[in-house]
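If you want the building blocks of each chain, they are given just below.
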Amino acid sequence: MTNDASGLVTVERPFAGCAVVTLNRPRAMNALSVALRRELVSTFEALRSDADARVIVLTGAGNAFCAGLDLKELGAAAEPGAAVAPAADEDPMLAMLRLQAPVIGAINGPAITGGFELALACDLMIASTRASFADTHARVGVMPGWGLSQRLPRLIGPGRAKELSLTGNFLDARQAEAWGLVNRVVEPDALLPAALKLASDMLSVLPEMLVAYKRLIDDGLRTGLAEGLELERERSRAWAAGLRGADIEARRRQIAERGRAQGKPAS
């Protein structure tokens, strides 16, 4: 595994096509200081134009994923509102939304408030048994601005989302899995290998489909069901115009061979 950077954010390249981005303030539970947010934005922007960053894994150093905004820094700020509603160069969520590559959240420990929002901005999450989630906006007295109030109800339902957001209570990894917040829960030493295995599986699909299919799902989720179905039909028709029978047959054979290798029947 090669390392591209050091500092508040590190980027490692375990294999071609994959970048592992690590929040690197372990003594502060990877709290999102202004400096860390700026470095995270610049990291995502660099990866957006990197052809060898086709799948991204996001995790935290030490025992936490991310404790959210740095409340010590926020409490000492002359204008804390500017940190809560940052400019574009300090807004990691906007930078994540601009990524074409899918982002796998490897949630290694607590993801709290702004850290919870960072986790929710990932395309999917795998959690360590040490992971937990909490929304303390209502306790700190800050209104969410990075998507938590909208993404969380869509993932786990409005009742469960309100239970978390209106109490500030913690949700452990197993309950998060039961509620559909995370895809699966693994032991701590299995977390990064599981995320990298998933990244490898994604990299084995057609590169152009990896980007286009993620975009189709995301764009459809921003609409109602009827509009999403029409969007799918439109893009399917446009995509079909470029299909070739020989390519389909070659891919069918590849799928069949992969199915046999995994001990599963394939057509």
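Quick caveat, the model's predicted, so the values are computed rather than measured.

Caption draft 1: Summary view of the overall build of the protein. A count of helices and strands for the protein gives 13 helices and ten strands. For 267 residues, the compact-globule estimate of 2.2 N^0.38 gives 18 Å, and the protein sits close to it at 20 Å. Dimensions of the protein along its principal axes, counting C-alpha atoms only, are 65 × 45 × 35 Å. Within the protein, the proportion of its 267 residues that are buried is 43%. A sequence separation of at least 24 residues applies to 69% of the contacts in the protein between residues at least 6 apart. For the protein, the accessible surface area stands at approximately 14,000 Å², while carbon and sulfur atoms represent 55% of it.

Caption draft 2: Layout of helix α7 (residues 148-156). For α7, every residue scored as buried is listed here: Leu148, Leu152 and Ile156. All buried residues of α7 fall inside an arc of 20° around its axis, so they share one side. Buried residues along α7 sit in contact with α5 (114-120), α6 (137-140) and α8 (158-165). Positioned one or two residues after α7, Gly157 has a phi angle of 95°, which is positive.

Caption draft 3: Spatial organisation of the packing of aromatic side chains. Under the criterion given, the structure shown has one aromatic pair. Ring centres of Phe116 and Phe133 lie 5.4 Å apart, and the angle between their planes is 45°; on these two criteria the pair is classed as tilted. One end of the pair, Phe116, is in helix α5; the other, Phe133, is in strand β8 (residues 132-134), and 17 residues separate them in sequence. Look at Phe116 and you get buried, because its relative accessible area is 0%.

Caption draft 4: Fine view of the environment of Arg252. Looking at where Arg252 falls in the secondary structure, it is placed in helix α13 (residues 245-261). Along the sequence, Arg252 and Ala53 sit 199 residues apart, while their C-alpha atoms lie 27 Å from each other.

Caption draft 5: Spatial organisation of the nonpolar core. Grouped together as the largest cluster of nonpolar side chains are 48 residues, with contacts concentrated most on Leu58, Ile107, Phe133, Leu152 and Leu181. In terms of residue count, helix α1 (residues 34-48) provides more of this core than any other element does, five residues in total. Those residues in contact with Phe133 that sit more than four places away from it in its chain are Ile107, Ala111, Phe116, Met125, Asn169, Phe170, Leu171, Ala176, Leu181 and Val182. Core analysis: the next-biggest nonpolar cluster, separate from the first, contains 18 residues, Val57, Ile104, Ala106 and Ile126 among them.

Caption draft 6: Looking closely at the sheet that holds strand β6 (residues 110-112). The strand order across the open sheet formed by three strands is β6-β8-β9, and the pairing between neighbours is mixed. Each edge of the sheet is formed by a strand with only one pairing partner; in this case those strands are β6 and β9 (170-172). On average, adjacent strands in this sheet sit at an angle of 20° to one another, irrespective of strand direction. Pairing analysis gives three bridges linking β8 to β9, with the strands arranged antiparallel. Within the sheet, the bridge partner assigned to Phe133 lies in β9 and is Leu171.

Caption draft 7: View of the pairing of strand β5 (residues 103-107). Counted residue by residue, β5 has five buried out of five residues, so it is predominantly covered. Residues of β5 alternate between two faces, with Val103, Gly105 and Ile107 on one and Ile104 and Ala106 on the opposite face, all of them buried. Bridge count for strand β4 (residues 53-60) against β5 is three bridges, and the pairing is parallel. Bridge pairing in β5 links Val57 to Ile104.

Caption draft 8: A nonpolar patch on the surface, seen in detail. On the surface, Tyr213, Ile217 and Leu221 cluster together to form a nonpolar patch covering roughly 350 Å² of accessible area. For Ile217, the position within the fold is in helix α11 (residues 207-221). Its relative accessible area of 47% is what places Ile217 among the partly exposed residues.

Caption draft 9: Structural context of unusual backbone geometry. Its identity is not glycine, yet Asn30 carries a phi of approximately 60°, on the positive side. Residue position: Asn30 is located in the loop between β3 (17-23) and α1. Of note in the backbone geometry, Thr113 takes a positive phi value of approximately 50° without being a glycine. Among the secondary structure elements, Thr113 is positioned in the loop between β6 and α5. On the basis of relative accessibility, which here comes to 11%, the residue Thr113 falls in the buried class.

Each value, and the rule that gives it
- Numbering of residues begins from 1 in every chain and follows the order in which that chain's sequence is written.
- Residue-level local features of this predicted model are given only where pLDDT is at least 70; pairs of side-chain atoms are given and counted only at 80 or more, and the full residue set underlies all totals for whole chains, interfaces and linings.
- Hydrogen atoms and water are omitted, and side-chain values are computed over all heavy atoms in the structure.
- Secondary structure elements are defined from DSSP: runs of H or I of at least 4 residues count as helices, runs of E of at least 2 residues count as strands, and each element is numbered from the N terminus.
- Put simply, the radius of gyration uses C-alpha atoms, and a globule should come to 2.2 Å times the residue count raised to 0.38.
- Partly exposed residues are those whose accessible area sits between 20% and 50% of the maximum for their type, while under 20% is buried and over 50% is exposed, using a 1.4 Å probe and protein chains only.
- We call two residues contacting when some pair of their heavy atoms lies within 4.5 Å.
- Per-residue and other accessible areas follow the Shrake-Rupley method at a 1.4 Å probe size, with only the shown protein chains counted as cover for residues.
- Note that the arc is defined by the directions from the helix axis to the C-beta atoms.
- Aromatic pairs are defined between Phe, Tyr and Trp rings, using the six-membered ring for Trp, whenever the two ring centres lie within 6.5 Å; interplanar angles under 30 degrees are classed as stacked, those over 60 as edge-to-face, and all others as tilted.
- Grouping buried Ala, Val, Leu, Ile, Met, Phe, Trp, Tyr and Cys residues that are joined through side-chain atoms within 4.5 Å yields what is termed a nonpolar core.
- Whether two strands pair comes down to DSSP finding at least two bridges between them.
- Comment: axis = line fitted to C-alpha atoms, over the contacting stretch for helices; angle = value between 0 and 180 degrees taken between N-to-C directions.
- Two joining distances apply to patches: 9 Å for like charges and 5 Å for nonpolar side chains (Val, Leu, Ile, Met, Phe, Trp, Tyr), and every residue must have over 30% relative accessible area and no salt bridge.
- Any carboxyl oxygen of Asp or Glu that lies within 4 Å of a side-chain nitrogen of Lys or Arg is treated as forming a salt bridge with it.

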